[in-house]
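What follows is the residue order along each chain.
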Amino acid sequence: MEDAIYDSYAMRKFMGINFFKQDVPDTTTLPHFRCLLEAKGLVKLFFDAIKHRLERAGRMMRGGSIVDATLISAPSFAKNAEKKRDPEMYQMKKGNQWHFWMKCHTGVDAGNGFAHTAEATAANVHDVTVAAKLLWKDDEVT
């Protein structure tokens, strides 16, 4: 995320970061912030609020879902409040290098491309394990 903020003007604008006035959050700040949001139960609350607004604005078409998963890297030194490595982070080898990853599974509206459902798991959880949770109730297989 830190690299994306440095590389992308759109990301800086979205996050409201002005390089002249403030620093970009470093690689440990964002995972700590994510853990804080999860501990307070705010991740689902924020996601549901955004989804509700998109539905009210007519942006969710409910015309089928695309299910995908993305690996999210984390620094190997990231620890949780108990000073232990985050159990959602899983060590995996990519090329010749070991990384710590977690996986973000996402259900996306096939009509407009908006994400409607998300589930974070350890990186070693297979995509098919959470696929059923990522579909709309009214999705049909044709």
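Please refer to the structure higher up on the page.
Computed from a predicted structure; not experimentally measured.

Enquirer: Give a description of the pattern of salt bridges that names residues and reports values.
Expert: Counted under the stated rule, the structure contains four salt bridges. Between Asp48 and Lys44 there is a salt bridge, with the nearest N and O atoms lying 2.8 Å from each other. One end of the pair, Asp48, and the other, Lys44, are both in helix α4 (residues 42-56), four residues apart, so they sit about a helical turn from each other. Taking the shortest distance from any N to any O, the salt bridge between Lys103 and Asp127 comes out at 2.9 Å. Of the two residues, Lys103 sits in strand β3 (residues 97-109) while Asp127 sits in helix α5 (residues 127-130), which places them 24 residues apart along the sequence.

Enquirer: Could you give an account of the environment of Val108, naming the residues involved and the relevant values?
Expert: For Val108, the location among the structural elements is in strand β3. Taking the C-alpha atoms as reference, Val108 lies 8.4 Å from Gly64; in sequence the two are 44 residues apart. Sequence-distant contacts of Val108, that is, excluding residues within four places in its chain, are made with Gly64, Ser65, Ile66, Gly113, Phe114, Ala115 and His116.

Conventions we followed
Residues numbered from 1 in each chain as written. Predicted model: local features only at pLDDT ≥ 70, side-chain atom pairs only at ≥ 80, totals over all residues. Heavy atoms only, no water. Salt bridge = Lys/Arg side-chain N within 4 Å of Asp/Glu carboxyl O. Helix = DSSP H or I, 4+ residues; strand = E, 2+ residues; numbered from the N terminus. Contact = heavy atoms within 4.5 Å.

Bear in mind that shape data such as this cannot, by itself, settle questions of function.
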